[in-house]
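# Residue-level structural notes
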Amino acid sequence: MATLTVAGVRVTHPEREVFGPGGPTKGEVAGYYEAVAPWMLPELSRRPLSLVRCPGGLGSACFFQKHHADTLGAHVKPVTLLEKDGDQARYIYVEDVAGVVELVQMNTLEFHPWGARIDDPDKPDRLIFDLDPAPGLSWEAVVAGARDIRARLGDAGLDSFVRTSGGKGLHVVAPFRRGPSWDGVKTFCEGVADAMVADAPDRYIAQASKSRREGLIFIDWLRNTRGATSVTGWSLRARDGATVAMPVRWDDIARLGSGAAFDWKKALKRARALRADPWAAMATLDQTLPR
């Protein structure tokens, strides 16, 4: 059986075409995550994770996993969290590139962290808005929506950051000092989304109703609840073309043309050429979520 060592981790079947013909193999996926780890880990490390695992590649059934198993690898850590039903369960987190590659060895393609850290999972420290445009809407409309959210957060005293989703849209993310509850974050985000809909009902919708979404951008604020997750920056997406959720600068988004502007090869090239993290200030901003 062919094997490959990446970040000190033994990767089996590195030749397997997990993204189909022409896409990255399992070994190339592991190498990709090793290469981008310095940029990805600051957003991912020491946060409860949900994973998208595809044991047979994209051609087979993929599934979400959030609970820990000892078979995932020595660098894949458990953290015990309280669930909605009052029971306790072991969730997943990683601290280093070895943990990430061990999860790739177990056929993980996507990484989705919580908006809180493992040392205090009931005190979130970031919020996210996911802009999901209906088919046929222009990229310019998506960009305008992201800038609208940025302006509204700015009016509330929050600087924000933007990334491509790896799909159709953009994500706007804002960090804040820990302290608010999940309910407080949810209420704030719902208020922002509802205000956008009230001001421009011909452009936005804040309800997850596909039947009513035609011609509109869905402002998904529902990820701002305990246990909800969103794909991390630099994560591959389990989609044809191996696209990437890419953190970018606000000045970059207009010329990207699509939320799927980066595939794994373009992301690798960017990781090697990038001189500074466009989200570096995420870790140092000291700002407070308004009540």
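Note that this is a predicted model, so its numbers are computed, not measured.

The next thing to look at is the packing of helix α3 (residues 139-155) against helix α4 (residues 182-199). Packing of α3 against α4 leaves a shortest axis separation of 11 Å and a crossing angle of 125°. Classified by the interaxial angle, the pair formed by α3 and α4 is oblique. As α3 runs across α4, the sense of the crossing is right-handed. Residues Gly145, Asp148, Ile149, Arg152 and Leu153 of α3 touch α4, and the partners they reach there are Phe188, Val192, Ala195, Met196 and Asp199. Here the contact of α3 with α4 is composed, by residue class, of six nonpolar, one polar and three charged.

This paragraph deals with the UniProt feature "domain: DNA ligase D polymerase" (unreviewed entry) in the protein. Using the residue numbers shown here, the UniProt feature "domain: DNA ligase D polymerase" (unreviewed entry) corresponds to residues 25-279. The span residues 25-279 is 30% helix and 21% strand, and its two end C-alpha atoms sit 29 Å from each other.

Ranked by size, the top nonpolar core spans 73 residues in total, and within it Tyr32, Tyr33, Phe111, Leu127, Phe129, Leu153 and Trp234 carry the most contacts. Ranked by residues supplied to this core, first place goes to helix α1 (residues 26-44) with ten residues. Counting residues in hydrophobic clusters, the runner-up holds nine residues, among them Leu81, Tyr91, Ala116 and Trp182.

Locating Val173 in the fold gives a position in strand β10 (residues 170-175). Take Val173: its relative accessible area is 3%, and that puts it in the buried class. With residues up to four places along the chain from it excluded, the contact list for Val173 reads Arg126, Leu127, Ile128, Ser160, Phe161, Arg163, Trp279 and Met282.

Topologically, Trp279 is positioned in the segment after α6 (264-273). Taking relative accessible area as the criterion, Trp279 reaches 6% and is therefore assigned buried. Along the chain, Trp279 and Arg47 lie 232 residues apart, while their C-alpha atoms are 17 Å from each other. For Trp279, the contacting residues outside a window of four places in its chain are Glu43, Phe161, Val162, Arg163, Val173, Pro247 and Val248. A polar contact is formed between the side chain of Trp279 and the backbone oxygen of Val162, at a distance of 3.0 Å.

Moving on, we come to the sheet that holds β10. Read from one edge to the other, the open sheet built from six strands follows the order β11-β12-β8-β10-β9-β13, with strand pairing classed as mixed. In the strand order of this sheet, the two ends are held by β11 (204-205) and β13 (247-248), each with one partner. As paired strands, strand β8 (residues 126-133) and strand β12 (residues 217-220) are joined by four bridges and run antiparallel to one another. Its bridge partner being in β12, Asp130 is matched across the sheet by Asp220. Across the sheet, α4 is in contact with β8, β11 and β12; its angle to β8 comes to roughly 35°.

Cut-off values and rules
- Residues numbered from 1 in each chain as written.
- Predicted model: local features only at pLDDT ≥ 70, side-chain atom pairs only at ≥ 80, totals over all residues.
- Heavy atoms only, no water.
- Axes fitted to C-alpha atoms, helices over the stretch in contact; angles between N-to-C directions.
- Helix = DSSP H or I, 4+ residues; strand = E, 2+ residues; numbered from the N terminus.
- Parallel < 35°, antiparallel > 145°, perpendicular 65-115°, else oblique.
- Left-handed = near helix turned anticlockwise from the far one by under 90°.
- Contact = heavy atoms within 4.5 Å.
- Nonpolar A, V, L, I, M, F, W, Y, C, P; charged D, E, K, R; others polar.
- UniProt positions renumbered as here; feature names shortened; annotations may be inferred.
- Core = buried A, V, L, I, M, F, W, Y, C linked by side-chain atoms within 4.5 Å.
- Buried < 20%, exposed > 50% of the residue type's maximum accessible area, 1.4 Å probe, protein only.
- Polar contact = N/O pair within 3.5 Å; in protein donor to acceptor, adjacent residues only side chain to side chain.
- Pairing = 2+ DSSP bridges.

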